[in-house]
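Observations on the three-dimensional arrangement
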Amino acid sequence: MPPVDKNREGVYLILFTVQFIGWLVMATLRDSDPIAVVEVMAPAVLVSTATTYVIVQGTIMLAERYLKRRYEEGKEEGEAIGEARGEEKGLVKGKAEAFESVRDWVKRKEEAEAKGEEFNEPPPYERG
């Protein structure tokens, strides 16, 4: 048996056994002579071993590639979302600061008018 990772041995043995039993059933249905069955089963074991190895290792290899690609795409997507949230937070903060500066200007203007003082300070939106 070719070397298979320890965590994949169970899957390998199950697939091999299913294939082996399938070959055995077909061989015994074809010919009832035990010698003929053994002659058919010798190459069947080799074919079962090779196909099982390719299925198990190949599937895992493809799955790992797929998962790695999805991870990278998800990582990029997460970074883009993070940047968008950062921009959104920046806009919210900027609007709050602008609102606060206008509110403070209005308050100073109202206080100056209440005291009868002249108020020449331009509004924040005109200062740039």
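Everything quoted here is computed from the prediction, not taken from an experiment.

**Quick look at the overall build of the protein chain**
Of regular secondary structure, the protein chain possesses 3 helices and 0 strands. Listing the helices and strands of the protein chain from first to last along the sequence gives α-α-α. Taking 14 Å as the expected radius of gyration for a compact globule of 128 residues, we find that the protein chain reaches 38 Å, considerably beyond that expectation. Structurally, the protein chain occupies a C-alpha span of about 120 × 20 × 20 Å along its principal axes. Counting contacts in the protein chain only where the partners sit at least 6 residues apart, residues at least 24 apart contribute 52% of the total. Within the structure as shown, the protein chain displays about 10300 Å² of accessible surface, and the carbon and sulfur contribution to it stands at 61%. Put simply, the protein chain has 18 plus and 24 minus side-chain charges, and the middle of one group is 2 Å from the middle of the other.

**Considering the confidence of the model for the protein chain**
Of the residues in the protein chain, 98% have a pLDDT of 70 or more, and the chain-wide mean is 85. Here helix α3 (residues 124-127) is the element of the protein chain with the lowest mean pLDDT, 77, and helix α1 (residues 9-30) is the one with the highest, 91.

**Focus on a nonpolar patch on the surface**
Together, Ile21, Val25 and Leu29 make up a nonpolar patch on the protein surface, roughly 300 Å² of accessible area in all. Checked against the element boundaries, Leu29 lands in helix α1. For Leu29, a relative accessible area of 71% corresponds to the exposed category.

**Quick look at the side chain of Ser48**
Relative to the helices and strands, Ser48 resides in helix α2 (residues 34-115). On the basis of relative accessibility, which here comes to 0%, the residue Ser48 falls in the buried class. In terms of polar contacts, Ser48 uses its side chain to reach the side chain of Trp23, at 3.2 Å. Apart from residues no more than four positions distant in its own chain, Ser48 is found in contact with Phe16, Gln19, Phe20 and Trp23.

**Topic: the side chain of Gln19**
Along the polypeptide, Gln19 turns up in helix α1. Reaching out from Gln19, the side chain makes a polar contact with the side chain of Thr52 at a distance of 2.8 Å. Once residues within four sequence positions are removed from consideration, Gln19 is found in contact with Val47, Ser48, Thr51, Thr52 and Ile55.

**Here we look at α1**
For α1, built from 22 residues, the straight-helix expectation of 32 Å at 1.5 Å per residue is met to within 8% by its first-to-last C-alpha distance of 31 Å. All buried positions along α1 are accounted for by Tyr12, Phe16, Gln19 and Ala27. In an axial view of α1, the angular spread of the buried residues amounts to 75°, which keeps them on one side of the axis. In this structure, α1 carries Ile14, Val18 and Leu29 as exposed residues pointing more than 90 degrees from its buried face. On its buried face, α1 sits against α2.

**Observations concerning the environment of Pro3**
Position of Pro3 relative to the elements: it lies in the segment before α1. Under the relative-accessibility criterion, Pro3 is labelled exposed at 69%. For the pair formed by Pro3 and Tyr53, sequence separation is 50 residues and the distance between their alpha carbons is 8.9 Å.

**Some details on a negative patch on the surface**
On the surface, a cluster of negative charge is contributed by Glu72, Glu76, Glu79, Glu83 and Glu87. Within the fold, Glu72 resides in helix α2. Given the relative accessible area of 34%, Glu72 is considered partly exposed.

**A closer look at the environment of Tyr53**
Position of Tyr53 relative to the elements: it lies in helix α2. Judged by relative accessible area, which is 27%, Tyr53 ranks as partly exposed.

Parameters and conventions
Residues numbered from 1 in each chain as written. Predicted model: local features only at pLDDT ≥ 70, side-chain atom pairs only at ≥ 80, totals over all residues. Heavy atoms only, no water. Helix = DSSP H or I, 4+ residues; strand = E, 2+ residues; numbered from the N terminus. Rg over C-alpha atoms; globule rule 2.2 N^0.38 Å. Contact = heavy atoms within 4.5 Å. Areas by Shrake-Rupley, 256 points an atom, 1.4 Å probe, with all protein chains shown as cover. Lys, Arg positive; Asp, Glu negative; His and termini not counted. Charge placed at Lys NZ, Arg CZ, Asp CG, Glu CD. pLDDT = per-residue confidence, 0-100. Patch = residues over 30% accessible without salt bridge, like charges linked within 9 Å, V, L, I, M, F, W, Y side chains within 5 Å. Salt bridge = Lys/Arg side-chain N within 4 Å of Asp/Glu carboxyl O. Buried < 20%, exposed > 50% of the residue type's maximum accessible area, 1.4 Å probe, protein only. Polar contact = N/O pair within 3.5 Å; in protein donor to acceptor, adjacent residues only side chain to side chain. Expected span 1.5 Å × (residues − 1). Arc of directions from axis to C-beta.

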